[in-house]
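# Structure assessment
As a plain string of letters, each chain reads:
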Amino acid sequence: MSESRLPHTGLSDRDAALLDFEASWWQAGGSKDAEIRQRFGLSAPRYYQILNQLLDDPDALAHQPLLVKRLRRLRQSRQESRSARNLRVRATP
């Protein structure tokens, strides 16, 4: 089954919907995990894997620039924190 692509971005309908959902999930009023399962038929971990991959897609940036930039900053911050923790653990004799 092929996914249709949005003509102006090259994103699939699902990927665009996923980004749109991430930008406004708090308005749904329920559990985010339950909404993910209901709307996309995905487990929460799989949803976040796809979302993380989308952060590196220029079409995702064109579709939701503020969201993608914010999530990239969060991802970078988390990676730096993990690296710092790992370095402290390794440096301890």
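Here's what I pulled together on the structure shown here. (Residues numbered from 1 in each chain as written. Predicted model: local features only at pLDDT ≥ 70, side-chain atom pairs only at ≥ 80, totals over all residues. Heavy atoms only, no water.)

This part is about the packing of helix 1 (residues 13–24) against helix 3 (residues 44–54). Two quantities define a packed helix pair, namely the angle between the axes and the distance from one axis to the other. Direction vectors running N to C along helix 1 and helix 3 enclose 100°, while the axes themselves pass 11 Å from each other. Our classification of the angle between helix 1 and helix 3 gives roughly perpendicular. Contacts from R14, D15, L18, L19, F21 and E22 in helix 1 reach Y47, I50, L51 and L54 in helix 3. Among the residues making up the contact of helix 1 with helix 3, the classes are represented as seven nonpolar, no polar and three charged. (Axes fitted to C-alpha atoms, helices over the stretch in contact; angles between N-to-C directions. Helix = DSSP H or I, 4+ residues; strand = E, 2+ residues; numbered from the N terminus. Parallel < 35°, antiparallel > 145°, perpendicular 65-115°, else oblique. Contact = heavy atoms within 4.5 Å. Nonpolar A, V, L, I, M, F, W, Y, C, P; charged D, E, K, R; others polar.)

This next bit is on the pattern of salt bridges. A complete count under the given rule lists four salt bridges for this structure. Across the pair R39 and E35 runs a salt bridge, and its minimum N-O distance is 3.0 Å. Of this pair, R39 and E35 are both found in helix 2 (residues 32–40), four residues apart, which corresponds to roughly one turn of the helix. On the accessibility criterion, E35 (14% relative accessible area) is buried. Among the ionic pairs, R75 bridges to D56, the shortest N-O distance being 2.7 Å. Pair noted here: R75 is in helix 5 (residues 65–91) and D56 is in the loop between helix 3 and helix 4 (58–63), with a separation of 19 residues, a long-range link. (Salt bridge = Lys/Arg side-chain N within 4 Å of Asp/Glu carboxyl O. Buried < 20%, exposed > 50% of the residue type's maximum accessible area, 1.4 Å probe, protein only.)

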